[in-house]
Amino acid sequence: MLISNWLAMKQKVLPIGLDIGVRRIKMVQLAQADEHLKVVCAERAPLDVDRDASEEERRDAVVQTIKQLLGRRGFRGRKVVSALSRDELRITSMRLAEAETHQIEKVLRKEAARRFGLDGERDTINYMLAGSVRQGDEAKNEFIVLAADDEVIKSHIALLEDAGLQPAGIDAAPNALFRSFERR
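What comes next is a walk through the structure. (Residues numbered from 1 in each chain as written. Predicted model: local features only at pLDDT ≥ 70, side-chain atom pairs only at ≥ 80, totals over all residues. Heavy atoms only, no water.)

## Observations concerning a negative patch on the surface
Part 1: Together, Asp48, Asp50, Asp52, Glu56, Glu57 and Asp60 line one region of the surface with negative charge.
Part 2: Positionally, Glu57 belongs in helix 2 (residues 55–71).
Part 3: The partly exposed category is assigned to Glu57, whose relative accessible area is 46%. (Patch = residues over 30% accessible without salt bridge, like charges linked within 9 Å, V, L, I, M, F, W, Y side chains within 5 Å. Areas by Shrake-Rupley, 256 points an atom, 1.4 Å probe, with all protein chains shown as cover. Salt bridge = Lys/Arg side-chain N within 4 Å of Asp/Glu carboxyl O. Lys, Arg positive; Asp, Glu negative; His and termini not counted. Charge placed at Lys NZ, Arg CZ, Asp CG, Glu CD. Helix = DSSP H or I, 4+ residues; strand = E, 2+ residues; numbered from the N terminus. Buried < 20%, exposed > 50% of the residue type's maximum accessible area, 1.4 Å probe, protein only.)

In C-alpha cells, the structure reads:
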C-alpha cells in the first residue's frame, strides 16, 4: 500500500482527452511518470442521436453521453482538452513573400478574416509555418491558418461545462492528430 501511494505521487495525471465524433464519444486520460505515459482510464460510447436531429438535440445527447462516461469511474479530476470539429474550424494555407514576414500576424489575420468572413479582432485566428516554397523565381513562406468564430468557441466551452468538465484547452483536430503521431 505504501509503495502504491508513493508511485501515485510520482506520476502526473494529465487532463482528460475528449473526442466528440459524429457517431461516438471517446475519452482517455493519461498519467506521466518520468518519460513514460500510462492510461489511467479510457472509455467510449455511441452517440445516440438521429442524423436529422436538431442542433439542440445533438448537443443534449453529447452532454448526457459525456456524463455517462464520467460516471463509469476511473477518470481523475474534471479538467479536459478537446478539439473543435472540422465543421467548427476553418483552415486554409497562405503564402507570403519573405519580405512580408515582419508583418506576419497582421497580414495573416486580415486575410483570414476576409476569406472566412470573420472579425479579425474578436475571432480566433492562429497559424503555423509549414515551410518555405518556391513560387516561380520567388521564395515564399507557406502558413497553415486555422480560424474559428468566437461564438463557436464559447458554445464549445459551454457544452463542456454543462457536461461537468473544466476546459483546460481547446485544440484543432488536425493539430491533435499530428501531435499523437509525432509522439509515437
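Here the narrative resumes, following the displayed structure.
## Looking at the nonpolar core
Side chains of nonpolar character tend, in soluble globular proteins, to be buried together.
Part 1: Core analysis: the biggest nonpolar cluster contains 21 residues, and Ile16, Leu18, Ile25, Met27, Ile66, Leu70 and Leu165 have the highest contact counts within it.
Part 2: Listing elements by their share of this core, those giving two or more residues are strand 1 (12–20), strand 2 (24–33), strand 3 (36–46), helix 2 and helix 4 (150–162).
Part 3: Top element by residues in this core is helix 2. It accounts for six residues.
Part 4: The residues contacting Ile66, other than those within four sequence positions of it, are Leu18, Ile20, Ile25, Met27, Leu159, Ala163 and Leu165.
Part 5: Grouped together as the second largest cluster of nonpolar side chains are eleven residues, Leu108, Ala113, Leu118 and Ile125 included. (Core = buried A, V, L, I, M, F, W, Y, C linked by side-chain atoms within 4.5 Å. Contact = heavy atoms within 4.5 Å.)

## Considerations on the pattern of salt bridges
Part 1: As enumerated under the stated definition, the model contains ten salt bridges in all.
Part 2: In this structure, the salt-bridge partner of Glu111 is Arg114, at a minimum N-O distance of 2.4 Å. Of this pair, Glu111 and Arg114 are both found in helix 3 (residues 104–116), three residues apart, which corresponds to roughly one turn of the helix.
Part 3: Residues Glu111 and Arg115 are paired through a salt bridge, measuring 3.0 Å at the closest nitrogen-oxygen approach. In this pair, Glu111 and Arg115 are both assigned in helix 3, four residues apart and thus about one turn of the helix distant.
Part 4: Glu111 gets classed as partly exposed once you look at its relative accessible area, which sits at 23%.
Part 5: Given a relative accessible area of 39%, Arg115 falls into the partly exposed group.
Part 6: One continuous salt-bridge network, built from bridges that share partners, spans Glu111, Arg114 and Arg115.

Just distances and angles here, no functional claims.
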